[in-house]
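# Close look at the chain arrangement
Read off the chains here:
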Amino acid sequence: MTLFELEFMQRALIAGLLTGLSAPAIGTYLVQRRLSLMGDGIGHIAITGVALGLLTGTAPVLTAVIVAIAGATAIELVRARGKASGDVALALLFYGGIAGGVLLIGLAGQGAATLNTYLFGSLTTVSASDLYVVVGLAVAVLVIAIGLGPQLFAVCQDEEFARVTGLRVQLLNLLIAVMAAVTVTVAMRTVGLLLVSALMVVPVATAQQITRSFRSTFVTACAIGVTACLAGIITSYNANVAPGATIVVLALAGFVVAATVGTLLRRRSGRIAPLDDEEPEVGVPAPAPHVVSPTHPHAHNPDCGHKKVEHGDHVDYVHDGHLHAAHGDHWDEH
């Protein structure tokens, strides 16, 4: 209980709880849009925001929010207007963000130790003012992600369909980008800017192994995110290691377990039916094997009275609820 009596641990656990909820919540929509690396790009540009805060003496969390939102908005506008593809826009964000951050950190006279607390997370640096900002931003992200869930899902699933139904697609896409930027800054104190994208993607990928609907994936991913964050923070304190890396490693371990369990469950339910000479295909049952009829009362012919099934080059006959196919010297029973 001494662990939970420490004030910085209390703040870190609250921040971890909110991070574990908000990161997979917005990550579910990013994965659905096939923009899993967007959080990573925003995390890089948020480094510039942190460095700008250190240079100007402003709270780094606030400057990181502003710069991250500006960068996320820019990448979405570039992608939507076709000036560059999504991966090219993300690459520009990667390079510009990390270069600007390193340059401004040097101008601010800060060392690598200060930067590492934002890149990989640090339990002891979560101040009371940081916590207030994190709580406000995380609550806003969760309210929007849940309250506008149907509209956001429609846009992520099929933009053309959403546009036909009258939804403001570009505005909703911008909203997703802004929420991703806010989530990055929420998580930078616990997970770190370089690893926050993993917390957006890995719990969602884990949930997809054992769920079948968007809503169940959303809920399960949030539960996995919270578990990984809280367990990672406690483990990192006891082992004296970086919390961000610990959280991500635990989340990846959960994915391995879920993938194994999901595969076994699908095999048992018949959704995966491996054949002897080919790789199993998900969702396709194995064809029924040919069984040679041990006894047959007569040779089928057009006048025997049994139902015929014509196949162009040959004719099968239905007898006693089975399909009999002639193969020269024997009949196969299906």
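Residues numbered from 1 in each chain as written. Predicted model: local features only at pLDDT ≥ 70, side-chain atom pairs only at ≥ 80, totals over all residues. Heavy atoms only, no water.

### Things to note about the overall build of the protein
For the protein, the count of helices and strands is 13 helices and five strands. Across the 334 residues that make up the protein, the buried fraction comes to 42%. Accessible surface, the protein: about 16,700 Å² in total, of which carbon and sulfur atoms supply 63%. (Helix = DSSP H or I, 4+ residues; strand = E, 2+ residues; numbered from the N terminus. Buried < 20%, exposed > 50% of the residue type's maximum accessible area, 1.4 Å probe, protein only. Areas by Shrake-Rupley, 256 points an atom, 1.4 Å probe, with all protein chains shown as cover.)

### Some words on a nonpolar patch on the surface
Residues Ile14, Val135, Val139 and Val143 make up a contiguous nonpolar surface patch of roughly 300 Å² in combined accessible area. With three residues, helix α7 (residues 128-147) is the single largest residue contributor to the nonpolar patch. Its place among the elements puts Ile14 in helix α2 (residues 7-32). (Patch = residues over 30% accessible without salt bridge, like charges linked within 9 Å, V, L, I, M, F, W, Y side chains within 5 Å. Salt bridge = Lys/Arg side-chain N within 4 Å of Asp/Glu carboxyl O.)

### Focus: the environment of Val88
With respect to the helices and strands, Val88 occurs in helix α5 (residues 86-108). Look at Val88 and you get partly exposed, because its relative accessible area is 39%. Through-space distance from the C-alpha of Val88 to that of Val78 is 9.7 Å; in sequence the pair is ten residues apart.

### Digging into the environment of Gly106
Considering the arrangement of structural elements, one finds Gly106 in helix α5. Once the C-alpha coordinates of Gly106 and Ala51 are considered, the two residues, 55 residues apart in sequence, prove to be 8.7 Å apart.

### Brief notes about the nonpolar core
By size, the foremost hydrophobic cluster in this structure holds 60 residues, and its most contacted members are Tyr29, Ile42 and Leu193. Considering every element that reaches this core, the biggest residue donor is helix α10 (residues 169-187), with nine residues. In this structure Tyr29 touches Ala145, Gly149, Leu152, Phe153, Cys156, Ile176, Phe214 and Phe218, once residues within four positions along its chain are discounted. Listed in part, the ten residues of the second largest apolar core include Leu18, Val134, Val182 and Val186. (Core = buried A, V, L, I, M, F, W, Y, C linked by side-chain atoms within 4.5 Å. Contact = heavy atoms within 4.5 Å.)

### Looking at the pattern of salt bridges
This model, assessed by the stated rule, comprises two salt bridges. Across the pair Arg11 and Glu7 runs a salt bridge whose closest N-O atoms are separated by 3.9 Å. Here Arg11 and its partner Glu7 are both found in helix α2, four residues apart, which amounts to about one turn of the helix. You can call Arg11 partly exposed: its relative accessible area is 21%.

### Description of the UniProt feature "transmembrane region" (unreviewed entry) in the protein
Here, the residues flagged by UniProt with the feature "transmembrane region" (unreviewed entry) are residues 12-31, 51-78, 90-111, 131-155, 167-187, 193-211, 218-239 and 245-265. For residues 12-31, the end-to-end C-alpha separation is 27 Å, with 100% helix and 0% strand making up the annotated structure. (UniProt positions renumbered as here; feature names shortened; annotations may be inferred.)

### As for helix α3 (residues 38-56)
A rise of 1.5 Å per residue sets the reference length of α3, with its 19 residues, at 27 Å; its end C-alpha atoms lie 27 Å apart and thus fit the reference within 8%. Just beyond α3, the residue with positive phi is Gly57, at close to 75°. (Expected span 1.5 Å × (residues − 1).)

### Some thoughts on the side chain of Thr63
In this fold, Thr63 is placed in helix α4 (residues 60-80). A distance of 3.0 Å separates the side chain of Thr63 from the backbone oxygen of Pro60, its partner in a polar contact. What Thr63 contacts, discounting residues up to four positions off in sequence, is Gly49, Val50, Gly53 and Thr58. (Polar contact = N/O pair within 3.5 Å; in protein donor to acceptor, adjacent residues only side chain to side chain.)

### A look at the packing of aromatic side chains
Applying the stated rule across the entire model yields four aromatic pairs. Ring geometry for Tyr29 against Phe214: centres 5.6 Å apart, planes inclined by 45°, an arrangement best described as tilted. In this pair, Tyr29 sits in helix α2 while Phe214 sits in helix α12 (residues 214-239), placing the two residues 185 residues apart along the sequence. Judged by its relative accessible area of 2%, Tyr29 is buried. (Phe/Tyr/Trp six-rings, centres within 6.5 Å; stacked < 30°, edge-to-face > 60°.)

### Re the packing of α2 against α10
It is the contact of α2 with α10, at a shortest axis distance of 10 Å, that shows an interaxial angle of 150°. Compared by their axis directions, α2 and α10 come out roughly antiparallel. Here α2 and α10 pass one another in a crossing that is left-handed. Side by side, α2 and α10 meet where Thr19, Ser22, Ala23, Ile26, Tyr29 and Leu30 of the first sit next to Ile176, Met179, Ala180, Thr183, Val186 and Ala187 of the second. For the contact of α2 with α10, the per-class residue count stands at nine nonpolar, three polar and no charged. (Axes fitted to C-alpha atoms, helices over the stretch in contact; angles between N-to-C directions. Parallel < 35°, antiparallel > 145°, perpendicular 65-115°, else oblique. Left-handed = near helix turned anticlockwise from the far one by under 90°. Nonpolar A, V, L, I, M, F, W, Y, C, P; charged D, E, K, R; others polar.)

### What to know about the packing of α2 against α7
Contact pair α2 / α7: the axes reach a minimum separation of 9 Å and the direction vectors enclose 30°. The angle between α2 and α7 falls in the class roughly parallel. Crossing of α2 against α7: the hand is left-handed. Packed against α2, whose contacting residues are Arg11, Ile14, Ala15, Leu18, Leu21, Ser22, Ala25 and Tyr29, the element α7 presents Ala128, Leu131, Val134, Val135, Ala138, Val141, Leu142 and Ala145 at the interface.

### Some words on unusual backbone geometry
In this model, Asn240 sits at a positive phi of 60°, which is unusual for a non-glycine residue. Tracing the backbone through its elements, the reader meets Asn240 in the loop between α12 and α13 (243-268).

### Overview of the side chain of Thr183
Along the chain, Thr183 turns up in helix α10. Setting aside anything within four residues of it in sequence, one finds Thr183 in contact with Ser22, Ala23, Ile26, Val141, Val196 and Met200.

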